[in-house]
Amino acid sequence: MSKTNTDTAGTGTTAPGTAASGAAGREDGDLTAAGSRLSTAPQEDAPTLPSLGVVGWARWFWRQLTSMRVALILLFLLSLGAIPGSLIPQTGQDETKVADFMERHDTLGPLYEKLGLFHVYSSVWFSAIYILLFVSLIGCIVPRTWQFVGQLRGRPPGAPRRLTRLPAYTTWRTEAAPEEVRAAALKILKGRRFRAHAAGDAVAAEKGYLREFGNLAFHVALIVMLVAFAWGQLFKSEGNKLVVEGDGFANTLTQYDDFKSGSLFSTDDLTPFSFDLKGFTGTYERTGPNKGTPRTYRADLTYSEGADGAERTTKVEVNKPLEIGDSKVYLVSHGYAPVVTVRDGKGKVVYRQPVPLLPLDSNVTSSGAIKVLDGYRNAQGAKEQLGFNAFFVPTFKGAGQGEMLSQFPALDNPVLAVSAYHGNLGVNSGIPQSVYQLDKSDMKEFKDSGGSLLKKRLEPGQTLTLPGGAGSITFEKEIKEWAGFQIVQQPGSGWALAGALAAIFGLAASLFVQRRRVWVRAVPGPDGVTVVEMAGLGRSESAKVPEELGALAGLLYDKAPGAPGPDPDPDPGSASEPGANATTDDPPAVPAEGAEKK
Amino acid sequence: MTLAAATNENLASLSNTLIYSAMAVYTLAFFAYIAEWLFGSRSKVGRTAAALTGKGTAEAAAPEIRVKTQGGTAVLERPKVVTRAASGARDVPDGPGAHGGDEQGDLYGRIAVSLTVLAFLIEAAGVVTRALSVERAPWGNMYEFNITFSTVAVGVYLGLLALRKNVRWIGLPLITTVLLDLGLAVTVLYTASDQLVPALHSYWLWIHVSTAIFCGAVFYVGAVSTLLYLFRDSYENKLASGGQPGRFASSVLERLPAAASLDKFSYRVNAAVFPLWTFTIIAGAIWAGDAWGRYWGWDPKETWSFITWVAYAAYLHARATAGWKGRKAAYLALIAFACWLFNYYGVNIFVSGKHSYAGV
Ligand code: HEM
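Residues numbered from 1 in each chain as written. Chains lettered and ligands numbered in written order. Predicted model: local features only at pLDDT ≥ 70, side-chain atom pairs only at ≥ 80, totals over all residues. Heavy atoms only, no water.

A look at the overall build of chain A
Part 1: Along the backbone of chain A there are 10 helices and 22 strands.
Part 2: For chain A, with 598 residues in total, the buried portion stands at 48%.
Part 3: The long-range fraction of contacts in chain A, counting pairs at least 24 apart against all pairs at least 6 apart in sequence, stands at 66%.
Part 4: As presented, chain A carries roughly 28900 Å² of accessible surface, and 56% of it is formed by carbon and sulfur atoms. (Helix = DSSP H or I, 4+ residues; strand = E, 2+ residues; numbered from the N terminus. Buried < 20%, exposed > 50% of the residue type's maximum accessible area, 1.4 Å probe, protein only. Contact = heavy atoms within 4.5 Å. Areas by Shrake-Rupley, 256 points an atom, 1.4 Å probe, with all protein chains shown as cover.)

Considering the nonpolar core
Part 1: Within the largest apolar cluster, 137 residues are counted, with the highest numbers of intra-cluster contacts made by Tyr 26 and Tyr 157 of chain B.
Part 2: Examining the composition of this core, we find that 18 residues originate from one element, helix α7 (residues 203-240) of chain B, more than from any other.
Part 3: Grouped together as the second largest cluster of nonpolar side chains are 30 residues, Ile 370, Phe 392, Leu 466 and Ile 479 of chain A included. (Core = buried A, V, L, I, M, F, W, Y, C linked by side-chain atoms within 4.5 Å.)

A short note on the confidence of the model for chain B
For residues with low pLDDT, the predicted coordinates do not support detailed interpretation.
All names here are of chain B.
Part 1: Here chain B averages 79 in pLDDT, while 79% of its residues score no lower than 70.
Part 2: Of all the helices and strands in chain B, helix α3 (residues 58-61) carries the lowest mean pLDDT, 28, while helix α10 (residues 300-319) carries the highest, 92.
Part 3: Residue range residues 54-76 is modelled with pLDDT below 50. Its contacts to residues more than four positions away, or to other chains, number 53 contacts.
Part 4: When the criterion is pLDDT under 50, residues 356-360 qualifies, and its contacts beyond four places in sequence or with other chains add up to 14 contacts.
Part 5: Scored as a complex, the prediction yields pTM 0.80 and ipTM 0.84. (pLDDT = per-residue confidence, 0-100.)

Considerations on helix α2 (residues 54-65) of chain A
All names here are of chain A.
Part 1: Here α2 is 12 residues long and its end C-alpha atoms lie 16 Å apart, about the 16 Å a rise of 1.5 Å per residue gives.
Part 2: Of the positions making up α2, those classed as buried are Gly 56, Gln 64 and Leu 65. Taken around the axis of α2, the buried residues stretch over an arc of 160°, which confines them to a single face. Exposed and oriented more than 90 degrees from the buried face of α2 are Val 54, Val 55 and Arg 59.
Part 3: Where α2 is buried, its residues meet α3 (68-87) and α6 (124-153). (Expected span 1.5 Å × (residues − 1). Arc of directions from axis to C-beta.)

What to know about the site of the ligand
Part 1: Taken together, 26 residues surround the ligand, and among them Cys 140, His 219, Ser 510 and Arg 539 of chain A together with His 317 of chain B come closest.
Part 2: Two or more chains meet at the ligand, and those chains are chains A and B.
Part 3: One of the side-chain N or O atoms of Asn 215 of chain A is found 3.1 Å from an oxygen atom in the ligand.
Part 4: His 219 of chain A places a side-chain nitrogen or oxygen 2.8 Å from a nitrogen atom of the ligand.
Part 5: Elements that contribute at least two residues to the shell around the ligand include exactly α3, α6, α8 (209-234) and α9 (493-512) of chain A together with α10 of chain B.
Part 6: Taken together, the residues that form the shell around the ligand break down as 16 nonpolar, 7 polar and 3 charged. (Near = heavy atom within 4 Å. Polar contact = N/O pair within 3.5 Å; in protein donor to acceptor, adjacent residues only side chain to side chain. Nonpolar A, V, L, I, M, F, W, Y, C, P; charged D, E, K, R; others polar.)

Some points on the coordination of the iron atom of the ligand
Part 1: Looking at the iron atom of the ligand, the protein donor atoms are His 219 of chain A (NE2) and His 317 of chain B (NE2), and they sit 1.9 to 2.0 Å from it.
Part 2: Taken together, the 6 donor atoms surrounding the iron atom of the ligand define angles of 79 to 178° at the centre, an arrangement classified as octahedral. With His 219 of chain A in helix α8 and His 317 of chain B in helix α10, this pair bridges two chains.
Part 3: Take His 219 of chain A: its relative accessible area is 10%, and that puts it in the buried class.
Part 4: On the accessibility criterion, His 317 of chain B (19% relative accessible area) is buried. (Donors = N, O, S within 2.8 Å, 3.2 Å for Na, K, Ca; no water. Tetrahedral: all angles 85-135°; square planar, octahedral: opposite > 155°, others 65-115°.)

Remarks on a nonpolar patch on the surface
All names here are of chain A.
Part 1: Together, Leu 108, Leu 111, Leu 115 and Trp 125 make up a nonpolar patch on the protein surface, roughly 330 Å² of accessible area in all.
Part 2: Of the residues forming the nonpolar patch, the biggest block, 3 residues, is contributed by helix α5 (residues 108-115).
Part 3: Looking at the element boundaries, Leu 108 is found in helix α5. (Patch = residues over 30% accessible without salt bridge, like charges linked within 9 Å, V, L, I, M, F, W, Y side chains within 5 Å. Salt bridge = Lys/Arg side-chain N within 4 Å of Asp/Glu carboxyl O.)

What about the pattern of salt bridges?
Side-chain pairs of opposite charge can arise where the charged atoms are in close proximity.
Residue and element names in this part refer to chain A.
Part 1: Taken as a whole and judged by the stated rule, the model has 24 salt bridges over all chains.
Part 2: Two residues, Glu 206 and Arg 517, come together in a salt bridge whose shortest N-O distance is 2.9 Å. Taken together, the positions of Glu 206 in strand β3 (residues 202-207) and Arg 517 in strand β21 (residues 516-524) put the pair 311 residues apart, joining distant regions of the chain.
Part 3: In this structure Arg 517 comes out as buried when scored by relative accessible area, which is 2%.
Part 4: Lys 320 is the salt-bridge partner of Glu 317, the closest N and O atoms lying 3.7 Å from each other.
Part 5: You can call Glu 317 buried: its relative accessible area is 19%.
Part 6: Under the relative-accessibility criterion, Lys 320 is labelled partly exposed at 47%.

Quick word on unusual backbone geometry
Leave glycine aside and you will find that most residues have negative phi; peptide bonds, for their part, are mostly trans.
Part 1: One non-glycine residue, Arg 193 of chain A, lies in positive phi territory at about 60°.
Part 2: Considering the arrangement of structural elements, one finds Arg 193 of chain A in the loop between α7 (178-191) and β2 (195-199).
Part 3: Of note, the phi angle at Trp 298 of chain B is positive, near 55°, even though the residue is not glycine.
Part 4: Among the secondary structure elements, Trp 298 of chain B is positioned in the loop between α9 (259-292) and α10.

A closer look at the sheet that holds strand β5 (residues 248-250) of chain A
All names here are of chain A.
Part 1: Here 4 strands make up an open sheet; going across it, the order is β5-β7-β8-β9 and the pairing antiparallel. Lying at the two open borders of the sheet, with one neighbouring strand each, are β5 and β9 (311-317). With strand direction ignored, the average angle separating the axes of adjacent strands in the sheet is 25°.
Part 2: When β5 meets strand β7 (residues 273-284), the two strands line up antiparallel, connected through 3 bridges. Bridge pairing links Ala 250 to Ser 274 in β7. (Pairing = 2+ DSSP bridges. Axes fitted to C-alpha atoms, helices over the stretch in contact; angles between N-to-C directions.)

What about the UniProt feature "transmembrane region" (unreviewed entry) in chain B?
Residues and elements named next belong to chain B.
Part 1: Cross-referencing UniProt, the feature "transmembrane region" (unreviewed entry) maps to residues 18-39, 111-133, 145-163, 170-191, 203-231, 271-292, 304-322 and 329-347 in the present numbering.
Part 2: End-to-end, the C-alpha atoms of residues 170-191 are 30 Å apart, and along that stretch the chain is 77% helix and 0% strand.
Part 3: Along residues 304-322 one finds 84% helix and 0% strand; the C-alpha atoms at either end are 28 Å apart. (UniProt positions renumbered as here; feature names shortened; annotations may be inferred.)

If you want it as structure tokens, here you go:
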């Protein structure tokens, strides 16, 4: 066994092991300094009451708000506050469910209303929580950033007097001169990308600033995300448009079926573009337990950007919106639009167009209205309007087989049922009217021979003749499909995404990088042989710190090889070697954060 | 029926057979883990007590110093690194593991691990055949989530074992819940294999759902060790204050790692996967942006992912806040995991939202 090395510490002139017990206080202060500024986390002070005076109170309040404890409580409140919104219907998601809830709960409803529980995420109290949290966050980031800049500009603190008291420690004796050892250590540490400098009889080094940087970047990214989200909400616009195959859309306000926008949105902000729906394709599962489940939805478009840009073709699918500038065109719904022809008593065509009908169930049982507004004259030659309630099933079960509900979403056996009315449709009464519903207040029923409302189920190509020479309605063989598009314009999503990515990388750096310090002291021992001591300290105890120290010591040892110890090792086989002030009589305990453990 | 459909049905039934076989092997592994605990000796009981009471407070004044050998005794020329526990930390040895240092117990433990590996391979094959039968990622409904989730959880456990981490003690609680999870999957949640609705057709499905399942599995391992930490910590507290824990408690808890090790293990596990969980939520938001026209809309599933995320953030904060380390932080971690569980099962079952077309 080699005797060139012993693990003795405390034989040097600085005598780390000989500190008198009276110096314990000074020692502790010394160690605190060594570990100081290893992070920028705010110091936790007890919530003692402030000295009197407005300024005192304000300062106290601010300190509380920006403390880790309050940040923690606010975070907890935020998650707690988000819960009701997921359990109680929200106006932002489903107005009808909210109305339904109000109807069913006489006492709870108004109470919830008062508490803002139907719009939790924009309620006063929820906003209060996150605004406080973000104020706290900013109040926390700013001083921490300053501190961090200070740490970057300053130097790692010098070596504590007794390196043996640090979590990882090693020592050996060498023939190399102390200055040479220190120079070599400086070089090795710098080579390992430590920030290192010589301070007195030791070299002080630090590494892992990325942790702090990542942490600050993460918290800043949270603010960026919040601001981008708020910005997006304020300038957002969102509208829907139903387009039948062959028709088109141009992005101006008047073309929308419905439209809503954020409070700072102006119509000038609408991206100019237009598109035509060339065709829609839907396929469905034909067999098995999920029969009828949609498999593909695809809308084939031609579109052009700007007022008169070049025309291009594209397809829009459920997960693949068309992106034009800040706007996205989503495919959100689809249905059928049977082509219907209405003739007057003389056989003149007064109406011929596809009638988009709204689906009522997953098999696309649909309903709607056919409105003949002008051009029609009745048997007496007077101007009148016609209205038909329309009910459509793409796959009809067969006559006499119960209700008229579709059996399958594809056009396997389409049937259109109509009932006929005449009179005044009331579209000019000034009250906005749904195109899918008849206002029957000024309409009279056509009667069948039995004296009840005239209605008929039509197959493609069939015609219903109106009584008394009033004309006819034909369900043409052509059935078009329509696609519902949602056009969303939301600025700031790019920022939100950038913030999100920065948050992830910042977080990863903050959690995976370990900030640590290393000191190397080299001093001549009493017998003239140099004593090298190395110690490491991490922010949290980690097995990595001693491992890294071991590797560094190995490197330095090559430059400053061991010298024979002052007295030979009594038990060279022993793996456990007590340090300077270890209690040898105690059984070796595994430290709380041992290098042996994973 | 087309030829392709026939192969798919064969694959689907093969997948079912494999899942049932995996359950059978997990059951055997479960009994082997039980045997490890039962036959493991209790002779090592008392190590903690000795460590805690034997030295009293003298320890703080004269701390131990231990030597770490650098790669065995052969390299004694190298300087050895001495490590020291932070002042104030309780210095308690880790328990020997479920076998309690007993050879027979250890044998059962090894058998249990081997069976777990076997069951894992069978289950993984079950998941893969399921994926092949539906020609897509096997995450279209709750049944598929469950079988994938338990496979990944066991995979994480075996991975940690392969990395020589001291985690065999998780075996019994883990396999117990895996059996529950699979039982639930094949009975209540079973859904015949099928295609996806158009809204789920996206490569984001692969990214978002796979990371979600993986995070869940890792959070689960973290939660188990947090729970055990709480037990072990009260046990050590009781010993330190001179109390006399019950015999059963001593026998079980004595074999676990020290409270400090459990605490650190659960922190590392949770912290390591937290950035991935953040990524999962962001990937989900991007997907929602493509599928539904808004990247965030407070849909119940989104809301609960957010709640889970904030709860874990609170836990990480607590770990960095004086006065909140240890037990309080551990409670937060358990709450956070409960949020995750609710998001996984509760939201699909009790709350309706845009995500609820996923089977149940
Ligand atoms: C908007 C809400 C916030 C979220 C989601 C959040 C999240 C996080 C997360 C996940 C970490 C863990 C990273 C790590 O341990 O290094 C962390 C660390 C930290 N946070 Fe926050 N935080 C928030 C607000 C705040 C506020 C208001 C403060 C100021 C009091 C703050 C101060 C800190 C500090 C000092 C750390 C580092 C702790 C350490 O070095 O270990 N955070 N935060």
